[in-house]
Every structure is written in structure tokens, then in C-alpha cells.
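For reference, the chains in residue letters:
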Amino acid sequence: MPCVADWLNNPFSIVQGIFAQNVPNSDWEKKVTEYFKEKLKENNATNWVPSLNDVPVHYLKPNSLVKFRCMVQDMFDPEFYMGVYETVDPNTNARVLHFGKYRDVAECGPQQEIDLNSSQTVTSERQTFYCVPVPGESAWVKEISFLTELVLSRVSPSTSYTPSRHKRSYEEDEDMDLHPSKQKEQHMGNSCSGGDIHGCVEPKRLETEASAGHHLISPNCSPPLDLNFPLPGEKGPACLVKVYESWDNFKVNDVLEVYGILSVDPVLSIVNNEERDSSALDPMECMDTAEEQRVHSPPASLVPRIHVILAQKLQHINPLLPACLNEEESKTFVSNFMSELSPVRAELLGFLTHALLGDSLAAEYLILHLISTVYARRDVLPLGKFTVNLSGCPRNSIFTEHIYRIIQQLVPASYRLQMTIENMNHSRFIPHKDYAANRLVSGVLQLASNTSLVVDETQLEQGQLDTTGVHNVTALGNLITWQKVDYDFSYHQMEFPCNINVLITSEGRSLLPSDCQVHLQPQIIPPNMEEYMNSLLTAVLPSVLNKFRIYLSLLRLLDYSISDEVTKAVEEDFVEMRKNDPESITADDLHRTLLVARFLSLSAGQTTLSRERWLRAKQLEALRKVRLQQQKCVNGNEL
């Protein structure tokens with residue numbers, strides 16, 4: 001029976017064993033998936049698997065089992081590979097069957113050659129996703145995930161966290177991959193002397209991808225490799241994730257957790273380089289452009305490959321919550337937390353009230369905003385979006401920056417977009433297709449579901465928007481109104497639905513559309529704003545902060561319904577309000593009040609609307625409108 005270290009450190013030995021026992025039966029692939037699925041169900045086993053999010057690639061053993069929490073940034077064309085191939089010993093004519101699944105390079109024994117004409121050869125297809133870490137993922141998510149895995153890995157039999165090779169700088173890694181001759185000296189005898197799949201004289205390893213000609217162009221001829229992160233300043237590995245089953249279930253911008261075999265084989269760069277050289281002699285050998293080869297086959301040390309054994313879409317990325325809330329253990333966790341929901345909400349309301357300078361009404365609406373989510377779409381209308389415009393923020397103040405820092409400490413993923421003329425005119429908001437490189441070039445609005453986007457309009461000053469700026473502002477407006485981003489494919493646009501929580505901070509009413517405007521009314525003016533805001537976070541106990549994080553993530557995932565009885569009562573109430581004041585009560589007001597009632601109920605842990613919550617929602621809306629009316633009277637044409 002294989003020990004834990006076998007399936008973690010040497011998964012190929014497990015796959016080889018299952019393959020040998022079941023060939024020529026095609027069920028071996030299903031049995032491999034089932035084996036690893038069962039292993040990962042064992043107590044804390046998923047935490048034994050080292051994560052590329054936490055551990056640098058150079059600390060991980062090549063061909064070991066790893067996991068990666070990521071967003072699908074792009075999908076490349078499917079590729080063919082040798083799923084099963086046969087080698088022959090020219091001296092003895094002995095034949096051996098091998099599997100090519102989960103490999104970039106086909107393995108051959110000494111004195112063996114691949115028989116490309118063998119009747120046993122099986123050509124299969126796999127899909128390649130270009131995956132990046134979740135854009136805007138909060139530091140606390142990374143820290144808690146890492147600490148959890150570190151603690152549990154120490155009590156497990158796994159040794160995967162031990163550095164398996166000497167640490168080398170990324171610059172050296174890049175140099176080795178950009179100059180494959182250096183690697184060739186180190187790997188002579190371990191790889192085919194020729195990169196051509198059809199003519200390897202002394203085959204030891206062979207690239208299993210059928211598409212030839214992938215390589216990285218020398219830095220003398222091309223700019224540095226762009227890892228294509230959607231947000232500026234992002235760090236972490238980008239990966240080429242090779243998916244073998246059910247890839248139709250995944251789409252661009254999905255957040256996944258994948259478990260698979262890590263491939264950082266330096267020979268990939270050698271093969272790609274030689275293919276580039278050979279295709280230069282005969283252009284018909286390769287139809288890909290040089291730029292496409294460069295982007296689709298980057299150095300393995302910079303963009304490692306993961307050959308997926310198991311992959312799942314994530315409902316959320318909060319490490320404090322169970323990954324799936326439908327399991328029995330998770331239901332216990334949820335019920336236990338819901339039993340203490342009331343004091344958590346009260347503490348969170350108090351915390352946000354202090355952050356908003358004593359404004360408890362704004363704090364109420366901020367909680368409702370943070371737990372809002374698009375729960376359905378009716379035709380083109382997204383239901384559940386709740387974009388809040390927090391007006392009355394001090395202009396050019398550090399207040400909005402600190403509000404964002406507080407939100408960053410509460411939600412798993414967020415980004416602060418400073419709405420300056422410079423940013424609007426020069427930033428790339430909308431992803432677009434680069435046909436020369438055959439890839440989707442990312443933009444700021446390529447975000448994962450449930451990301452909090454804080455648009456800081458207090459930074460906006462007088463100036464001229466150019467064509468790019470107008471397109472960016474339009475894209476922001478479409479994101480807010482329709483919860484979609486139209487990606488630019490040059491000859492057409494393609495709609496990508498999204499689920500992004502947008503909070504707009506502004507001095508007056510925002511230039512952008514919103515579902516709800518709340519005007520800030522500070523009750524306290526601290527003499528030192530920075531000191532005041534910093535002291536808020538340091539005063540909160542880590543355990544309390546974690547409860548806030550669970551609270552906001554969990555409530556977004558709860559189901560909600562309105563009974564027929566309450567629906568009828570709400571309709572009658574609306575008719576009555578229209579009778580009393582037909583001018584001020586519109587269908588939009590009803591829709592907004594129902595949204596407020598929905599999130600107000602969920603914030604109290606109630607999954608159905610009660611009469612009490614409906615009346616409270618009406619009260620909050622009345623207070624909010626009175627405040628806006630007062631502001632209008634003060635500023636005249638403010639609203």
C-alpha cells in the first residue's frame with residue numbers, strides 16, 4: 001500500500017501502478033482520478049498538499065502533487081498529446097507501453113525509441129488554461145491559508161515543504177530558460193538530441209504536445225515576458241494549467257482550486273528552442289507566430305505547468321469558511337456561527353460606525369452593501385446588485401484610503417480604483433484579444449466574482465477625458481448597471497457577466513450610476529485622521545476581526561425567499577404609499593426598498609422577509625432620503 005509520501009511526492013509512481021494494472025483497459029484514467037479524490041478526502045489531507053500560492057516554485061519538488069488557488073485569465077486552444085505510446089528497444093525488439101497523460105515530455109528508458117507507427121498509440125486532447133492568482137486577493141487570505149497549511153503539514157507524514165533543490169533567484173531561472181544551451185550542458189543525456197517528435201535519434205525524452213514550434217524568443221528580439229495580471233502590482237505565479245476532463249465546465253474568470261502534478265522541466269525550454277530553430281528553416285513546419293509561441297510556451301521556471309488530476313470551482317476564497325457549505329460538517333459550522341450572529345453584527349456595526357466617523361446610518365448601508373450579491377438575472381437585469389455611492393467624503397483626504405484599507409481587512413478580494421484623469425486616460429480597463437499572440441490581454445475590470453471594487457472619485461479633478469478615458473468610464477458604468485464587461489475582440493465585443501460589489505466614494509453625487517446614494521454625516525472630526533483610522537484596526541482583536549470576515553462571506557452564500565403572504569402585504573403597503581404620496585414613490589423605490597429588506601434580513605441571519613424587517617427597511621430608506629433632501633437644500637443643485 002503506498003504511503004502518504006508516495007502520492008504527494010511521487011504521484012507518477014501511483015499513476016504508473018494503476019496504468020500497468022489496467023492496460024489496455026481505458027478505465028485506468030478514471031481510477032487514477034478516483035484514487036486521488038479518495039486520498040484528498042482523508043482528514044486534513046488537502047492541507048498536506050503544498051500550494052503554489054504559498055510556497056515558491058523553487059522550493060517544490062518537480063513532478064510532485066501541488067495545488068493552486070487561481071482565476072482562469074485566458075483559455076488557449078486545445079492541444080493533442082500522446083495519451084498512450086509504445087517504446088521499442090532496437091537491440092532486443094522488447095516493447096513497453098507508457099502513459100503520456102500528466103506529462104509535458106514523454107519518458108523513454110535507456111536504449112529505447114518511441115514507435116510512432118505503433119497500433120497501441122492513443123492520441124488524446126487536453127485544454128490549457130492560463131491561470132493567475134485571484135486578482136486583489138487580500139493579504140489576510142494568503143496569511144491564514146499559509147499558516148493553516150503550515151501547521152497541519154507539520155503533523156502530517158508529508159515532507160513536501162522541504163526544499164527539494166537549491167534556491168535560485170528568478171533572474172537566474174529566467175537566464176537559464178532564455179539561454180537553453182546552459183541547461184543543455186546540464187541535461188545532456190537526459191533529453192532527445194533533436195526536438196522533432198518525428199526524428200529523435202537517441203530518444204530519452206520527447207515532448208508529448210503534438211503542436212511543434214513553441215519556444216521563447218531571445219531577449220534581444222523581444223520584450224520581457226508579461227505575466228498578464230489584471231491588476232497592477234500583483235505578485236505570485238502564473239501557471240499553465242493542463243485540464244484533461246470536463247473542461248467545458250470552466251470558463252474565463254472562474255476561480256478554481258486545482259490539484260495536479262507540477263512540471264517545471266528545464267528540457268521544455270531546450271525543446272522549444274530547438275523547434276524554433278528547425279521551424280526557421282522550414283516555415284511550413286509551424287503555423288504559429290513567433291509572438292504566439294513566446295506567450296504560449298514561456299519558461300517553465302517563470303510560468304510552471306500543472307497537469308490537473310482534480311479541479312473544482314470555488315464558491316468563495318475565505319479560508320475561515322468551509323470550502324463547500326453543503327457538506328454535513330459545514331452545516332454544523334454554519335448553524336454554530338448563526339447562533340451567535342446577533343452580537344457579531346452589533347460589533348461590526350459599531351466598528352464601521354467608528355470608521356465612518358460616527359455615522360451609524362452609513363454603517364448600516366455599508367454592511368448591506370458588503371453582503372450583497374447578484375443572485376439571479378432576469379433577461380439582462382442583474383438581481384441583487386447593490387452599488388452604494390457614499391457621498392460627502394472629504395476631498396483629497398486620506399479618509400477614503402483608510403476606508404478602503406478597512407474594507408480590505410474584511411473581504412477576501414478587493415481593489416481601489418483611483419478615478420483620476422490620468423488613470424482614466426492611460427489605464428487598460430477592458431480586456432482585449434491580441435490576435436498576433438493569440439491571447440486575451442487582461443484589464444483592470446477582469447475580476448473574479450465577489451470582488452469588492454472601491455472607486456475613489458474624490459481624486460477626480462478638472463481635465464479632459466480622451467477616447468480611452470471615455471471608453472473606461474463607459475465600461476465602469478456598464479459594470480455597475482448591468483454587471484457585465486464587454487471584452488474587446490477587435491471585430492466584435494463579447495459580454496462577460498460578472499458579480500462585482502462596487503462602492504463609490506465621492507464628495508458630491510457620483511458621476512457614475514449607483515443603486516443607492518448615502519450622504520455621509522460625520523458626528524466626530526478627529527484632529528489626526530490617520531492616527532484615528534489606524535487605531536481602529538489595531539484595537540480590534542484578531543478573533544473578532546475573523547468573525548467579521550466569516551459574517552460577511554457567509555451571509556452572501558445564504559438562500560433567501562419571500563412568502564406569498566409577505567409578498568401580498570408588501571404590495572398592499574406599496575399601493576397605500578402611492579396613494580399618500582404618488583409623486584415621491586416609484587417602482588424604483590419599491591425595488592430598492594425590497595433590496596434593503598433582503599440584505600437587512602440576511603444581515604440578521606433570517607432567510608425570509610418578516611413584517612418587522614420590511615418596516616425597518618422602510619425606516620432606513622426614509623432616513624436616507626431625508627438626509628439627501630437636507631443636503632440638496634444646503635447645496636442647491638447638489639443632487
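Our subject in this report is the structure included herewith. (Residues numbered from 1 in each chain as written. Predicted model: local features only at pLDDT ≥ 70, side-chain atom pairs only at ≥ 80, totals over all residues. Heavy atoms only, no water.)

**A look at the overall build of the protein chain**
To keep it simple, the criterion reads: Secondary structure elements follow DSSP: runs of H or I of four or more residues count as helices, runs of E of two or more count as strands, with numbering from the N terminus. Each residue is assigned to one of three classes by its accessible area relative to the maximum for its type, calculated with a 1.4 Å probe on protein chains only: buried under 20%, partly exposed between the two thresholds, exposed over 50%. Note on contacts: a residue pair qualifies if any of its non-hydrogen atoms lie within 4.5 Å across the two residues. All accessibility values rest on the Shrake-Rupley procedure with a 1.4 Å probe; residue burial counts only the protein chains present in the view.
Counting its secondary structure elements, the protein chain contains 20 helices and 21 strands. Burial statistics for the protein chain: of 639 residues in total, 54% are counted as buried. The long-range share in the protein chain, meaning contacts at least 24 apart out of those at least 6 apart in sequence, stands at 78%. Just so you have it, the protein chain exposes about 29,100 Å², and 51% of that area is on carbon and sulfur atoms.

**As for a nonpolar patch on the surface**
Basically, it comes down to this: Patches here are clusters of residues that have more than 30% relative accessible area and form no salt bridge, with a 9 Å joining cutoff for like charges and a 5 Å cutoff for nonpolar side chains (Val, Leu, Ile, Met, Phe, Trp, Tyr). The salt bridge criterion pairs a side-chain nitrogen of Lys or Arg with a carboxyl oxygen of Asp or Glu, the two atoms within 4 Å.
A grouping of Val380, Leu381 and Trp482 is seen on the molecular surface, where their side chains present a nonpolar patch of about 270 Å² in accessible area. Checked against the element boundaries, Val380 lands in the loop between β11 (376–378) and β12 (381–383). We classify Val380 as exposed; its relative accessible area is 57%.

**A few points about the pairing of strand β8 (residues 239–243)**
Two faces make up the sheet, and in a regular strand the side chains alternate between them. Here is the rule we go by: Note: two strands are recorded as paired if DSSP finds a minimum of 2 bridges between them.
For β8, the buried fraction is high: five of the five residues fall into the buried class. With burial as the criterion, each face of β8 is covered, one bearing Cys239, Val241 and Val243 and the other bearing Leu240 and Lys242. Relative to β8, strand β6 (residues 122–132) runs antiparallel, the two being bridged by five bridges. Of the residues in β8, the one forming a bridge with Thr128 is Lys242.

**Quick word on the pattern of salt bridges**
Evaluation of the coordinates by the stated rule reveals 30 salt bridges. With a shortest N-O distance of 3.7 Å, Glu291 and Arg294 are connected by a salt bridge. Residue Glu291 and its partner Arg294 are both found in helix α9 (residues 290–296); the two are separated by three residues, about one turn of the helix. Measuring nitrogen to oxygen at the nearest pair gives 3.8 Å for the salt bridge that ties Arg395 to Glu507. With Arg395 in the loop between β13 (388–391) and α13 (399–410) and Glu507 in the loop between β20 (501–505) and β21 (516–519), this pair connects stretches of sequence that are 112 residues apart. Taking relative accessible area as the criterion, Glu507 reaches 42% and is therefore assigned partly exposed.

**Some points on the packing of aromatic side chains**
In plain terms, the rule: Only centres within 6.5 Å qualify two rings of Phe, Tyr or Trp (six-membered ring in Trp) as a pair; their planes then separate them into stacked at under 30 degrees, edge-to-face at over 60, and tilted for everything else.
Using the criterion set out here, one finds 13 aromatic pairs in the structure. Each ring, one from Phe76 and one from Tyr130, has its centre 6.2 Å from the other, and the planes form 35 degrees; the classification is tilted. Remark: Tyr130 occurs in strand β6 and Phe76 occurs in the loop between β1 (65–75) and β2 (79–88); sequence separation between them is 54 residues. Note on Phe129 and Phe250: the rings are 6.2 Å apart at their centroids and 85 degrees apart in plane angle, and the pair reads as edge-to-face. Here the residue Phe129 occupies a position in strand β6, and Phe250 occupies one in the loop between β8 and β9 (255–263), the gap between them amounting to 121 residues. A relative accessible area of 1% places Phe129 in the buried class.

**A few points about helix α15 (residues 467–482)**
For the α-helix, the turn length of 3.6 residues means that residues three or four positions removed from each other point alike. Rule in force here: A helix is expected to span 1.5 Å for every residue after the first.
End to end, α15 covers 22 Å across 16 residues, agreeing with the expected 22 Å (1.5 Å per residue, within 8%). Within α15, the full set of buried residues consists of Gly469, Asn472, Ala475, Leu476, Gly477, Leu479 and Ile480. Check the buried side of α15 and you find it contacts β14 (414–418), α14 (421–426), β17 (452–456), β18 (484–488) and β20. Of the residues trailing α15, Gln483 is marked for its positive phi of about 50 degrees.

**Details of the side chain of Asp89**
Quick reminder of the rule: What qualifies as a polar contact is a pair of N or O atoms within 3.5 Å, subject to a donor-acceptor requirement within protein and to the restriction that residues adjacent in sequence count only when both atoms come from side chains.
Relative to the elements of secondary structure, Asp89 occurs in the loop between β2 and β3 (95–99). The exposure class of Asp89 is buried, given its relative accessible area of 15%. One polar contact links the side chain of Asp89 to the main-chain amide nitrogen of Asn91, over a distance of 2.9 Å. Setting aside chain neighbours within four positions, we find Asp89 in contact with Ala94 and Gln111.

**Details of unusual backbone geometry**
Most peptide bonds take the trans configuration, and most residues that are not glycine carry a negative phi. In the Ramachandran plot, Asn438 falls in the positive-phi region, its phi being about 55 degrees despite a non-glycine side chain. By secondary structure assignment, the location of Asn438 is in the loop between β15 (432–434) and β16 (439–441). Phi angles above zero are rare outside glycine, and Gln483 is one such case at about 50 degrees. Overall, Gln483 belongs to the buried group, its relative accessible area being 1%.

**Here's the deal with the sheet that holds β14**
Definition in use: In this analysis, axes come from line fits to C-alpha atoms, helices being fitted only over the stretch in contact, and the angle between any two N-to-C directions falls in the range 0 to 180 degrees.
Taken in spatial order, the five strands of this open sheet run β14-β17-β20-β13-β21, and their pairing is parallel. One side of each edge strand has no neighbouring strand; the edge strands of this open sheet are β14 and β21. Here the average twist between neighbouring strands, direction ignored, is 20 degrees. Note that β13 and β21 share four bridges and pair parallel. Across the sheet, the residue bridging to Val388 is Cys516, located in β21. Helix α12 (residues 360–370) rests against β13, β17, β20 and β21 of the sheet, and its axis sits at about 150 degrees to β20. Sitting on the sheet, α13 touches β14, β17 and β20, and the angle it makes with β14 is about 165 degrees.

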